[in-house]
Amino acid sequence: MPAHLLEATDKAVQQGKAKSRDEFIMQAIRRELAALKRAEIDAELAEMAQDPEYQAEVLQMEAEFATASWEALQLAESEA
């Protein structure tokens, strides 16, 4: 690892941002892995948004639940 990264890591540890160099590095790896997973999920969602079959399925589900949603709204308003 480059010296400037080790120095920055040690400074962060001295500032109390982690208990040790190893802990700081593990935190950084966890954050990076989580960011990669989020990017993967975002890419899958973007792909789904462009999928005509998926869009048709969503519209069908929305239509099927529209009545139940309307009934739930009316019930909530009558109880208020």
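For the structure itself, consult the block above.
The notes below deal with the structure included here. Fair warning: this is a prediction, and the values are worked out from it, not measured in the lab.

Looking only at helices and strands, the protein features three helices and zero strands. For the protein, the sequential pattern of α-helices and β-strands runs α-α-α. Computed over the C-alpha atoms, the radius of gyration of the protein is 24 Å, more than 25% above the 12 Å expected from 2.2 N^0.38 for a compact globule of 80 residues. Based on the C-alpha atoms only, the size of the protein along its principal axes is roughly 65 × 40 × 15 Å. Taken across its 80 residues, the protein has 5% of its residues classed as buried.

To continue, consider the pattern of salt bridges. Pairing between side chains of opposite charge can happen when their charged atoms approach one another. All told, the structure shown has two salt bridges when counted by the stated rule. Among the salt bridges present, the one from Arg21 reaches Asp10, with a minimum N-O distance of 2.6 Å. Taken together, the residues span a long stretch of sequence, with Arg21 in helix α2 (residues 21-49) and Asp10 in helix α1 (residues 3-14) at a distance of eleven residues. For Asp10, a relative accessible area of 26% translates into the label partly exposed. With its nearest N and O atoms 3.6 Å apart, the salt bridge here joins Glu40 to Lys37. With Glu40 and Lys37 both in helix α2, this residue pair falls three residues apart, about one helical turn. Owing to a relative accessible area of 40%, Glu40 belongs among the partly exposed residues under this scheme. The exposure class of Lys37 is partly exposed, given its relative accessible area of 45%.

Procedures and definitions
Residues numbered from 1 in each chain as written. Predicted model: local features only at pLDDT ≥ 70, side-chain atom pairs only at ≥ 80, totals over all residues. Heavy atoms only, no water. Helix = DSSP H or I, 4+ residues; strand = E, 2+ residues; numbered from the N terminus. Rg over C-alpha atoms; globule rule 2.2 N^0.38 Å. Buried < 20%, exposed > 50% of the residue type's maximum accessible area, 1.4 Å probe, protein only. Salt bridge = Lys/Arg side-chain N within 4 Å of Asp/Glu carboxyl O.

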